[in-house]
Amino acid sequence: MLNIRKLHKQFGDLEVLKGVDLSVKQGDVVVILGPSGSGKTTLLRSINFLEHADQGEIELSGQQLDVAKATKNQIHQIRQATGFVFQNYNLFANKTARENITEGLIYGQKLSKTEANQIADEVLDKVGLSQFKDYYPSQLSGGQQQRVGIARAIAAKPKVLLFDEPTSALDPELVGDVLNIMKELALEGKTMVVVTHEMSFAKEVASEVVFMDGGVVVEKGTPEQIFEQPNEERTQQFLARII
């Protein structure tokens with residue numbers, strides 16, 4: 001489904017990704033853990049070219065490209081195949097919940113307004129926000145805004161969903177609602193790559209856990225392997241501080 005090979009990204013003199021490899025099978029939930037500055041968010045953003053990596057290859061559903069030579073059309077195709085859920089929601093403040101979803105469907109997917117509204121209503125119902133479809137972001141709680149963000153991401157039926165610390169900006173009591181929706185998506189067989197510090201989610205839902213530090217993948221394995229018997233000392237140190 002998704003293969004990343006030898007991905008490099010540098011910001012000035014700082015090398016943030018140092019040849020990262022990652023493979024995600026269809027239906028997998030891959031959870032990426034790591035300390036701040038480890039490169040995990042840059043990796044996620046590089047998958048759909050929110051950050052343009054300097055070197056490496058990305059293969060998604062049979063389409064393979066060299067990131068350094070990717071054309072606008074190739075980047076567009078990759079973005080069409082991915083849905084991104086941001087840490088800070090990234091909703092349009094001047095558009096309703098429904099309009100935040102239909103915008104991409106109308107202008108990105110070229111759907112009619114009627115089709116877009118129907119899909120928006122379906123995905124808002126899925127995340128439990130039907131009654132809030134005409135509310136603006138300022139009228140919604142952080143958890144509700146993030147659920148709109150998830151609805152927007154799934155509306156275009158992407159092949160892979162990318163989550164960048166989707167609960168880190170939420171009050172603790174709002175985290176559960178968002179995680180429950182993510183668990184439902186996982187149970188439906190959605191392919192997901194999730195950057196998070198929610199260890200309970202990683203233990204319960206992940207098919208594979210990846211630990212990153214210093215721009216490299218230090219260790220990866222099943223949740224049982226990583227949480228109960230990590231091989232690498234750096235993984236052990238991180239988990240000892242977090243758990």
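Residues numbered from 1 in each chain as written. Predicted model: local features only at pLDDT ≥ 70, side-chain atom pairs only at ≥ 80, totals over all residues. Heavy atoms only, no water.

**Q** Would you explain helix α9 (residues 233–242) in this entry?
**A** Think of an α-helix as 3.6 residues a turn; residues three or four steps apart then line up on the same face. Along α9, the residues classified as buried are T235, F238 and L239. Here the buried residues of α9 occupy an arc of 95° about the axis, which is enough to place them on one side. Across α9 from its buried face, at more than 90 degrees, point the exposed residues E233, A240 and R241. Where α9 is buried, its residues contact β3 (29–33), α7 (199–205), β9 (208–213), β10 (216–221) and α8 (223–228). (Buried < 20%, exposed > 50% of the residue type's maximum accessible area, 1.4 Å probe, protein only. Helix = DSSP H or I, 4+ residues; strand = E, 2+ residues; numbered from the N terminus. Arc of directions from axis to C-beta. Contact = heavy atoms within 4.5 Å.)

**Q** Which parts of the structure should I look at to understand the pairing of β10?
**A** Side-chain positions along a regular strand alternate between the two faces of the sheet. Two strands pair when backbone bridges link them, and β9 and β10 are joined in this way by five bridges, in the antiparallel orientation. Residue M212 lies in a different strand from β10, and its bridge partner there is V217. Hairpin connection from β9 to β10: two residues lie between these consecutive antiparallel strands, with G214 at a positive phi of about 60°. (Pairing = 2+ DSSP bridges.)

**Q** Quick question: what am I supposed to make of the environment of G83 here?
**A** Structurally, G83 can be placed in strand β6 (residues 82–85). Since its relative accessible area comes to 5%, G83 is described here as buried. In sequence terms G83 and S200 are 117 residues apart; their C-alpha atoms lie 23 Å from each other. Non-local contacts of G83, meaning those with residues more than four positions away in its chain, are made with A153, P158, V160, L161 and L162.

**Q** In this structure, what is going on with the packing of helix α3 (residues 97–107) against helix α4 (residues 113–126)? I would like to understand it.
**A** When two helices pack together, their arrangement is given by the angle between the helix axes and the distance between those axes. It is at 9 Å that the axes of α3 and α4 come closest, and there the two elements cross at 130°. One way to sum up the angle between α3 and α4 is to call them oblique. In the crossing of α3 with α4, the sense of the turn from one axis to the other is right-handed. Of α4, the residues touching α3 (which contributes A97, R98, I101, T102, L105 and I106) are K113, A116, N117, I119, A120, D121, V123 and L124. The residue inventory of the contact of α3 with α4, partitioned by class, reads nine nonpolar, two polar and three charged. (Axes fitted to C-alpha atoms, helices over the stretch in contact; angles between N-to-C directions. Parallel < 35°, antiparallel > 145°, perpendicular 65-115°, else oblique. Left-handed = near helix turned anticlockwise from the far one by under 90°. Nonpolar A, V, L, I, M, F, W, Y, C, P; charged D, E, K, R; others polar.)

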